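# Geometric and topological summary
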Amino acid sequence: KQWYQRRVRGRKNGNMEMLESSVKKHCSDEVLSMCIVMWVKGIRNVTQLFSELLYLSVTSLAADSARVIRIVVGRSEIDLTQIKSHYMMQYNKQLQLAVQQKCGNDLAYSNIVAMIIKN
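Residues numbered from 1 in each chain as written. Predicted model: local features only at pLDDT ≥ 70, side-chain atom pairs only at ≥ 80, totals over all residues. Heavy atoms only, no water.

### Some thoughts on the overall build of the protein chain
- Secondary structure summary: the protein chain contains eight helices and zero strands in total.
- For the protein chain, the residues scored as buried account for 34% of the 119 residues in total.
- Long-range contacts, defined as pairs at least 24 residues apart, comprise 45% of the intrachain contacts of the protein chain with a sequence gap of at least 6.
- Surface exposure of the protein chain reaches about 7800 Å², of which carbon and sulfur atoms provide 53%. (Helix = DSSP H or I, 4+ residues; strand = E, 2+ residues; numbered from the N terminus. Buried < 20%, exposed > 50% of the residue type's maximum accessible area, 1.4 Å probe, protein only. Contact = heavy atoms within 4.5 Å. Areas by Shrake-Rupley, 256 points an atom, 1.4 Å probe, with all protein chains shown as cover.)

### So, the nonpolar core
- Within the largest apolar cluster, 18 residues are counted, with the highest numbers of intra-cluster contacts made by Leu 54, Val 68, Val 72, Val 99 and Val 113.
- Broken down by secondary-structure element, the contributors of at least two residues to this core are α4 (46-59), α5 (65-75), α6 (80-91), α7 (95-102) and α8 (107-118).
- It is α4 that provides the largest number of residues to this core, a total of five residues. (Core = buried A, V, L, I, M, F, W, Y, C linked by side-chain atoms within 4.5 Å.)

### Here's the deal with the confidence of the model for the protein chain
- On average, the protein chain scores 79 in pLDDT, and the residues at 70 or more come to 76%.
- For the protein chain, per-element mean pLDDT is lowest for helix α1 (residues 2-12), which scores 49, and highest for α6, which scores 94.
- For the stretch residues 9-13, pLDDT sits under 50, and the model shows five contacts to residues farther than four places along the chain or on other chains. (pLDDT = per-residue confidence, 0-100.)

### Section: the pattern of salt bridges
- Here the structure, examined in full by the defined rule, presents two salt bridges.
- Between Lys 41 and Glu 52 there is a salt bridge, with the nearest N and O atoms lying 3.0 Å from each other. Of the two residues, Lys 41 is situated in helix α3 (residues 30-44) and Glu 52 in helix α4; the sequence distance between them amounts to eleven residues.
- Judged by its relative accessible area of 17%, Glu 52 is buried. (Salt bridge = Lys/Arg side-chain N within 4 Å of Asp/Glu carboxyl O.)

Structure representation (structure tokens):
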């Protein structure tokens, strides 16, 4: 508990990187560790988190279309424009094209998601 209390104090001081690395170091349960790290990333920069999740979804061996739909539809009225910008800066590729290329087999799905991203 002492390491956690020190890290929480560090978070209050804005040192999120220290909290994230500490969680990775001290959590033996990999799933719990991943959840906490995602939570910390979301606190630090939510657009970066969603950009990363979209990247992982469209670059995995099997596209995670359910995750792409949840993120795109869920964030479309909130910050999808910022997520698209961050995706372009981080991965040097347009989000719309990445989704269309990976999910092009299901034409109706990829067209609908691409229209939401475009607008």
